[in-house]
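In case you want the letters, here they are:
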Amino acid sequence: MSQPTIESILQEQRLFPPPADLAAQAEIKSAEEYEQLYAKAEADPQAFWAELAEKELDWFEKWDTVLDWQPPFAKWFVGGKLNITYNCLDRHLKTWRRNKAALIWEGEPGDSRTLTYAQLHREVCQTANVLKQLGVGKGDRVGIYMPMVPEAAIAMLACARIGAPHTVVFGGFSAEALKDRLNDAEAKLVITADGGFRKDKAVPLKTAVDKALADNGVPSVNNVLVVQRTKADVTMASNRDHWWHELVPAASADCPPEPMDSEDMLFILYTSGTTGRPKGVVHTTGGYNLYTHMTCKWAFDLKDNDVYWCTADVGWITGHSYIVYGPLSNGATSLMYEGAPRPSNPGCFWDVVEKYGVNIFYTAPTAIRAFIKLGDQHPQARNLSSLRILGTVGEPINPEAWIWYQQVIGGGKCPIIDTWWQTETGGFMITPLPGATSTKPGSATRPFPGILADVVDLDGNPVADNEGGYLVVRHPWPSMMRTVYGDDDRFRRTYWEHIPPKDGKYVYFAGDGVRRDEDGYFWIMGRVDDVINVSGHRLGTMEIESALVSHPAVAEAAVVGRPDDLKGEDVFAFVTLENTHPPSDELNSELKQHVVNEIGVIARPGEIRFADALPKTRSGKIIRRFLRNLASGEDIAGDASTMEDQSVLDKLRQGS
Ligand code: PRX
């Protein structure tokens, strides 16, 4: 792991205080109020979270112990019983929110649907009963591979209703990637659709499921439930495949929520790490419910008449926490959009904002950079005056993009909520609170109350202000991941042993480089491990390397990230070929497509460079640092004398 550098972050000095009218009505109204909350939580985190759990959530049975911390394993609200769908649905039915819009959905072709809390509850219960009919019970895992349609959220909630952990696989992953994840989770059933609409095309999904399941590819799966969306021709296997529209409307709408232990698993979500195999991040019920509820409420300052839109896909943690669970637990109106900006409608996002009067809008820096490129005329042609708060997530946002977002989309009046967090953290960890935090373009600002974030060196020693270091968290928090599914040891090694515990105190290692300034603001500098961030999508370089070497032509592969104006980073692969396969443009394209088949289109290398050999240490380790320099067209930095064969570097340089 290399020591992070701070050169990528400008010394940004501008400060944007919260708008006074917004602050006056906000949940957390001032910097003082934030400081008080933070100090209170720091002094006694357990009391802080217990008070909120009592006040904000409904429990069937109260917990006995707030936190059981046997590092690195945490249990929150031990002995407590609840069901997250009760908090997201049932409790709102007893109030005026019964007939409030829970989900507003806009399809890419222009069709739309609104589900009130009562309607959503009904359809979740019906779907849950169908799952039961198909043999799914408490503890059984269910795979979800869906486009952005309401049924994706309904499927997740139906699983949670009966205590069956879901594992949502992003629809952009290939059949191979889907198969690996379904096998790792030993899913019993898969919920999918014939396809979905994206960028004016019908993207198939069911065919990928068929491919993953072919030849008994996933022996644990017995049934597939299929939503009809695109009406594409699909093959339905008798005894295995069932149409959603035939089973769900016919099912009973009476399905009491399964009482779940606070620590029962809610879902597994796969994410990339430093090895070739994605890890199943496990989240449980009570702590996750509380934390996504609180962060959504305070960081987005949700008001009951708000229309809130998070543009993420439900296949990512952002979709889980901030399209489905966080907003619905708060009784908010959550908007889902199926499509993406495309040549035929580059302003489609702004059409949606105008059509529904969106008040809170949450997207990724990569999207913001794409909007800048598309031109100001698109947002300027729409009425965006309903917007009150703008959020961003997924990668560091460059100050230029931040300012554009604030000016052109927010009209200079909306706070920018730059939320730093991860699949593993479940919810926002470092984020402004819109009524309390003055923002600085490019900084995720200060930790959420209860989050003891810090900057240390690799030995765990504190790092001075404004010096780069590693981002750690010093105390467990309710929505932290509990383990890597089926691999406690990997969990311990990856997150808790990089930085050695001091005096028996363990710290969570996030894998990000960070700098904290003199005001206590955090500036995230990006990953310090072999993970790259392409358009806000997290990819493991080893995962892509494994995909490449699975092709018969490839002898060896090394993948690094190359800075990219639009995507943040792009995939750059160095490949040595078997003697039997001479380099050619056709082979180059074939290898790119091979990565798409193995992982998915998000992992497609921007460039593959053929090399005679890769730079290695005398002990045979690939020196990625040099490859990163080469990929970005920089001079080779640092000492090359540890290299086994100096001529390798000369050749690679000439090739560039
Ligand atoms: O490097 C950080 C970056 O995204 C990583 C987490 O990726 P993932 O688990 O896919 O979750 C993305 C959505 C929560 C982090 O380790 N990251 C996320 N948010 C930010 C960020 N980098 C800078 N600023 C952010 N706001």
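Residues numbered from 1 in each chain as written. Predicted model: local features only at pLDDT ≥ 70, side-chain atom pairs only at ≥ 80, totals over all residues. Heavy atoms only, no water.

- As annotated in an unreviewed UniProt entry, the protein carries the name Acetyl-coenzyme A synthetase and is attributed to Acaryochloris marina.
- As stated in UniProt under Cofactor (unreviewed entry), the record for the protein gives "Mg(2+)". (UniProt positions renumbered as here; feature names shortened; annotations may be inferred.)

**Structural notes on the overall build of the protein**
Part 1 of the argument: Along the backbone of the protein there are 20 helices and 29 strands.
Part 2 of the argument: For 656 residues, the compact-globule formula gives about 26 Å, and the C-alpha radius of gyration of the protein, at 24 Å, lands near that figure.
Part 3 of the argument: Expressed along its principal axes, the backbone C-alpha trace of the protein runs to roughly 75 × 65 × 55 Å.
Part 4 of the argument: For the protein, buried positions account for 62% of its 656 residues.
Part 5 of the argument: Pairs at least 24 residues apart make up 71% of the contacts formed inside the protein by residues separated by at least 6 positions.
Part 6 of the argument: In the protein, 66 side chains carry a positive charge and 87 a negative one; their mean positions are 3 Å apart. (Helix = DSSP H or I, 4+ residues; strand = E, 2+ residues; numbered from the N terminus. Rg over C-alpha atoms; globule rule 2.2 N^0.38 Å. Buried < 20%, exposed > 50% of the residue type's maximum accessible area, 1.4 Å probe, protein only. Contact = heavy atoms within 4.5 Å. Lys, Arg positive; Asp, Glu negative; His and termini not counted. Charge placed at Lys NZ, Arg CZ, Asp CG, Glu CD.)

**A closer look at the site of the ligand**
Part 1 of the argument: The environment of the ligand is made up of 17 residues, and the closest members are Asp418, Thr419, Thr423, Asp512 and Arg538.
Part 2 of the argument: The separation between an oxygen atom of the ligand and a polar side-chain atom of glutamine 422 is 2.9 Å.
Part 3 of the argument: One of the side-chain nitrogen or oxygen atoms of arginine 527 is found 2.8 Å away from an oxygen atom of the ligand.
Part 4 of the argument: Contact with the protein chains removes 95% of the 540 Å² of surface that the ligand exposes when unbound. (Near = heavy atom within 4 Å. Polar contact = N/O pair within 3.5 Å; in protein donor to acceptor, adjacent residues only side chain to side chain. Areas by Shrake-Rupley, 256 points an atom, 1.4 Å probe, with all protein chains shown as cover.)

**Focus: the nonpolar core**
Part 1 of the argument: Core analysis: the largest hydrophobic core is formed by 122 residues, its most contacted members being Trp49, Leu120, Ile191 and Tyr325.
Part 2 of the argument: Residue contributions to this core peak at 10 residues, all from helix H6 (residues 150-162).
Part 3 of the argument: Beyond its immediate chain neighbours, meaning those up to four positions away, leucine 120 contacts Leu89, Ala102, Leu103, Leu115, Ile154, Leu157 and Leu328.
Part 4 of the argument: Membership of the second largest hydrophobic core comes to 42 residues, among which are Val169, Ala208, Leu539 and Ile602. (Core = buried A, V, L, I, M, F, W, Y, C linked by side-chain atoms within 4.5 Å.)

**Some points on the pairing of strand S18 (residues 360-363)**
Part 1 of the argument: Of the two faces of S18, both are covered, the one formed by Ile360 and Tyr362 as well as the one formed by Phe361 and Thr363.
Part 2 of the argument: Note that strand S16 (residues 307-310) and S18 share 3 bridges and pair parallel. Each residue of the ladder has a partner; that of cysteine 310, found in S18, is tyrosine 362.
Part 3 of the argument: Here S18 pairs with strand S19 (residues 389-393) via 4 bridges, running parallel. Bridge assignment links isoleucine 360 to a residue of S19, and that residue is isoleucine 389. (Pairing = 2+ DSSP bridges.)

**Observations regarding the sheet that holds strand S24 (residues 522-527)**
Part 1 of the argument: Read across the open sheet, the 4 strands follow the order S21-S22-S23-S24; overall the sheet is antiparallel. Edge positions in the open sheet fall to strand S21 (453-456) and S24, since each of these has one partner strand only. Each neighbouring strand pair of the sheet contributes to a mean axis angle of 45 degrees, computed without reference to strand direction.
Part 2 of the argument: Pairing between S21 and strand S22 (residues 468-473): 4 bridges, direction antiparallel. Paired with valine 455 across the two strands is leucine 471, which belongs to S22. (Axes fitted to C-alpha atoms, helices over the stretch in contact; angles between N-to-C directions.)

**Notes on H6**
Part 1 of the argument: Along its 13 residues, H6 runs 19 Å from first to last C-alpha, staying within 8% of the 18 Å computed at 1.5 Å per residue.
Part 2 of the argument: Two residues or fewer past H6, glycine 163 is found with a positive phi of approximately 75 degrees. (Expected span 1.5 Å × (residues − 1).)

**Describing the pairing of strand S29 (residues 607-610)**
Part 1 of the argument: Strand direction decides the pairing type here: strand S28 (residues 568-577) and S29, joined by 4 bridges, are parallel. Residue pairing across strands places valine 575 opposite phenylalanine 610, the latter belonging to S29.
Part 2 of the argument: Crossover connection from S28 via helix H18 (residues 585-598) to parallel S29: handedness right-handed. (Right-handed = clockwise from strand over helix to strand, strands pointing away.)

**Regarding the packing of helix H4 (residues 84-93) against H6**
Part 1 of the argument: Between H4 and H6, whose axes approach to 8 Å, the crossing angle comes to 115 degrees. As H4 runs across H6, the sense of the crossing is left-handed. Where H4 abuts H6, its residues Ile84, Thr85, Tyr86, Cys88 and Asp90 lie against Leu157, Ala160 and Arg161. (Left-handed = near helix turned anticlockwise from the far one by under 90°.)

**Remarks on unusual backbone geometry**
Part 1 of the argument: Of note, the amide linkage connecting proline 71 to proline 72 takes the cis form, showing an omega dihedral of 0 degrees.
Part 2 of the argument: Even without glycine at this site, threonine 445 takes up a positive phi of about 70 degrees.
Part 3 of the argument: Residue placement: threonine 445 occurs in the loop between strand S20 (416-419) and S21.
Part 4 of the argument: On the accessibility criterion, threonine 445 (0% relative accessible area) is buried.
Part 5 of the argument: Here asparagine 466, not a glycine, exhibits a phi torsion of approximately 70 degrees, which is positive.
Part 6 of the argument: Within the secondary structure, asparagine 466 sits in the loop between S21 and S22.

**Here we look at the side chain of arginine 446**
Part 1 of the argument: Mapped onto the fold, arginine 446 is located in the loop between S20 and S21.
Part 2 of the argument: A polar contact is formed between the side chain of arginine 446 and the side chain of glutamate 35, at a distance of 3.2 Å.
Part 3 of the argument: Ignoring anything within four residues of it in the chain, the contact list for arginine 446 reads Tyr34, Glu35, Ile430, Thr431, Asp519, Gly520 and Tyr521.

**Remarks on helix H11 (residues 317-329)**
Part 1 of the argument: With 13 of its 13 residues buried, H11 lies for the most part within the structure.
Part 2 of the argument: Of the residues trailing H11, glycine 331 is marked for its positive phi of about 75 degrees.

**A word on the pattern of salt bridges**
Part 1 of the argument: Inspection of every chain in the model, using the stated rule, returns 45 salt bridges.
Part 2 of the argument: Aspartate 261 serves as the salt-bridge partner of lysine 81, at 3.4 Å between the closest nitrogen and oxygen. Taken as a pair, lysine 81 in strand S3 (residues 81-82) and aspartate 261 in strand S13 (residues 260-261) lie far apart in primary sequence, 180 residues in all.
Part 3 of the argument: Classification of aspartate 261 as partly exposed rests on a relative accessible area of 21%.
Part 4 of the argument: Aspartate 454 is the partner of arginine 474 in a salt bridge, and the nearest nitrogen-oxygen pair spans 2.9 Å. Of the two residues, arginine 474 is situated in the loop between S22 and helix H16 (488-496) and aspartate 454 in strand S21; the sequence distance between them amounts to 20 residues. (Salt bridge = Lys/Arg side-chain N within 4 Å of Asp/Glu carboxyl O.)

**Here we look at the environment of isoleucine 623**
Part 1 of the argument: Looking at the element boundaries, isoleucine 623 is found in the loop between S29 and helix H19 (624-631).
Part 2 of the argument: The sequence separation of isoleucine 623 and tryptophan 298 amounts to 325 residues, and the corresponding C-alpha distance is 44 Å.
Part 3 of the argument: Sequence-distant contacts of isoleucine 623, that is, excluding residues within four places in its chain, are made with Pro615, Lys616, Thr617 and Met643.

**What to know about the sheet that holds strand S17 (residues 333-337)**
Part 1 of the argument: Pairing in this open sheet of 7 strands is mixed, and the strands run S5-S4-S17-S16-S18-S19-S20 from one edge to the other. The outermost strands of the open sheet, each flanked by one partner alone, are strand S5 (112-116) and S20. On average, adjacent strands in this sheet sit at an angle of 20 degrees to one another, irrespective of strand direction.
Part 2 of the argument: Strand direction decides the pairing type here: strand S4 (residues 101-106) and S17, joined by 4 bridges, are parallel. Each residue of the ladder has a partner; that of leucine 103, found in S17, is serine 334.
Part 3 of the argument: Packing of helix H5 (residues 117-133) onto the sheet brings it into contact with S4 and S5, and relative to S5 it is tilted by some 90 degrees.

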